[in-house]
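The primary structure of each chain is shown beneath.
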Amino acid sequence: MSSGKQRENLYLIGFMGCGKSAVARGFRSLYGMPVTEMDRQIEEQEGMSVSEIFKKKGEACFRSLETALLETLSGQCGLVVSCGGGVPLRRENVDLMRQGGRIVWLKAVPETILERVSRDDRRPVLRGKKNIKDISALMEERRPAYEAAADITIETDGKSIQQICGEILQEAGCGDCSGTGI
Ligand code: S3P
């Protein structure tokens, strides 16, 4: 984190719709930090959407593509990585993120999540589950994995993107980094 040391990657984790992509975009626009959106990168590489990958190749294949991408990203530095919501469920993924990276868990209440995920149909894991009861149950099921992976935890409800980015940098010990990255 400090000058002279190689800049760490910042991995944003959390449930679908918790704001990982929006916060990553915030880091890009506010601090000029390079951003990688894992889902989009996998879609580009495979030439099909995440939903199509799930349908045509299966979820296990998608999960392996995530791990392969993390292997590549862990060899880079100074990136803000917006992870797919399922990334921390694999222990090896957490180990890869820890190699030269900080893991930031973005939390939001189920009501916020539902409002955001209701807007599109891109998430196969939530098909038929777009209601508070099912979302809360899946969040609870995943909570231990997010908790175990997180170096930094940020409550996002009611906060602006600017506030969230600032809090992350502060927590990462980089409150005075004046836009030059971590
Ligand atoms: C998933 C989350 C999605 C995407 C895929 C699976 C999950 O990413 O990777 O649909 O299992 O939580 P977002 O968290 O960006 O929606």
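Structure: above.
Everything numeric here is computed off the predicted structure, so don't read it as measured data.

Peer 1: I keep staring at the overall build of the protein chain and nothing clicks. Help me out?
Peer 2: In terms of regular secondary structure, the protein chain is built from eight helices and five strands. When the elements of the protein chain are put in sequence order from the N terminus, they spell out β-α-β-α-α-α-β-α-β-α-α-β-α. Taken along the three principal axes of its C-alpha coordinates, the protein chain extends 50 × 35 × 30 Å. In the protein chain, which comprises 182 residues, the proportion classed as buried is 48%. For the protein chain, long-range pairs separated by at least 24 residues make up 72% of all intrachain contacts whose partners lie at least 6 apart in sequence.

Peer 1: Looking at this structure, I do not really get the site of the ligand. What am I missing?
Peer 2: Neighbouring the ligand are 14 residues, the closest being Lys20, Asp39, Arg63, Arg123 and Arg142. One of the side-chain nitrogen or oxygen atoms of Arg63 is found 2.7 Å away from an oxygen atom of the ligand. Coverage of the ligand by the protein chains reaches 97% of its 390 Å² of free accessible surface. In the shell around the ligand, the residues fall into five nonpolar, three polar and six charged.

Peer 1: Can you help me understand the side chain of Arg142 in this one?
Peer 2: Looking at the element boundaries, Arg142 is found in helix α7 (residues 132-149). Although buried, Arg142 forms no salt bridge, and the nearest oppositely charged side chain, Glu59, lies 5.6 Å from it. When sequence neighbours within four positions are dropped, the list of residues in contact with Arg142 reads Phe15, Met16, Arg63, Gly85, Gly86, Leu89 and Val125.

Peer 1: Mind showing me how you'd approach the nonpolar core here?
Peer 2: Generally speaking, a soluble globular protein has its nonpolar side chains buried in company with each other. The biggest cluster of nonpolar side chains holds 53 residues, and the ones touching the most others in it are Phe15, Phe27, Met97 and Ile168. If we ignore the near neighbours within four places in the chain, the residues touching Ile168 are Leu10, Leu12, Val23, Phe27, Val104, Leu106, Ile152 and Ile154.

Peer 1: In this structure, what is going on with the sheet that holds strand β2 (residues 35-37)? I would like to understand it.
Peer 2: Taken together, five strands build an open sheet; the order of strands is β2-β3-β1-β4-β5 and the sheet is parallel. Looking at which strands have only one partner, the edges of the open sheet turn out to be β2 and β5 (152-155). Taking each pair of neighbouring strands and ignoring which way they run, the sheet shows an average axis angle of 20 degrees. In this structure, β2 lies alongside strand β3 (residues 80-82), joined through three bridges in parallel fashion. Within β3, the residue paired with Glu37 across the bridge is Ser82. Lying over the sheet, helix α8 (residues 161-171) contacts β1 (9-13), β4 (101-107) and β5, oriented at roughly 155 degrees with respect to β5.

Rules used throughout
- Residues numbered from 1 in each chain as written.
- Predicted model: local features only at pLDDT ≥ 70, side-chain atom pairs only at ≥ 80, totals over all residues.
- Heavy atoms only, no water.
- Helix = DSSP H or I, 4+ residues; strand = E, 2+ residues; numbered from the N terminus.
- Buried < 20%, exposed > 50% of the residue type's maximum accessible area, 1.4 Å probe, protein only.
- Contact = heavy atoms within 4.5 Å.
- Near = heavy atom within 4 Å.
- Polar contact = N/O pair within 3.5 Å; in protein donor to acceptor, adjacent residues only side chain to side chain.
- Areas by Shrake-Rupley, 256 points an atom, 1.4 Å probe, with all protein chains shown as cover.
- Nonpolar A, V, L, I, M, F, W, Y, C, P; charged D, E, K, R; others polar.
- Lys, Arg positive; Asp, Glu negative; His and termini not counted.
- Salt bridge = Lys/Arg side-chain N within 4 Å of Asp/Glu carboxyl O.
- Core = buried A, V, L, I, M, F, W, Y, C linked by side-chain atoms within 4.5 Å.
- Pairing = 2+ DSSP bridges.
- Axes fitted to C-alpha atoms, helices over the stretch in contact; angles between N-to-C directions.

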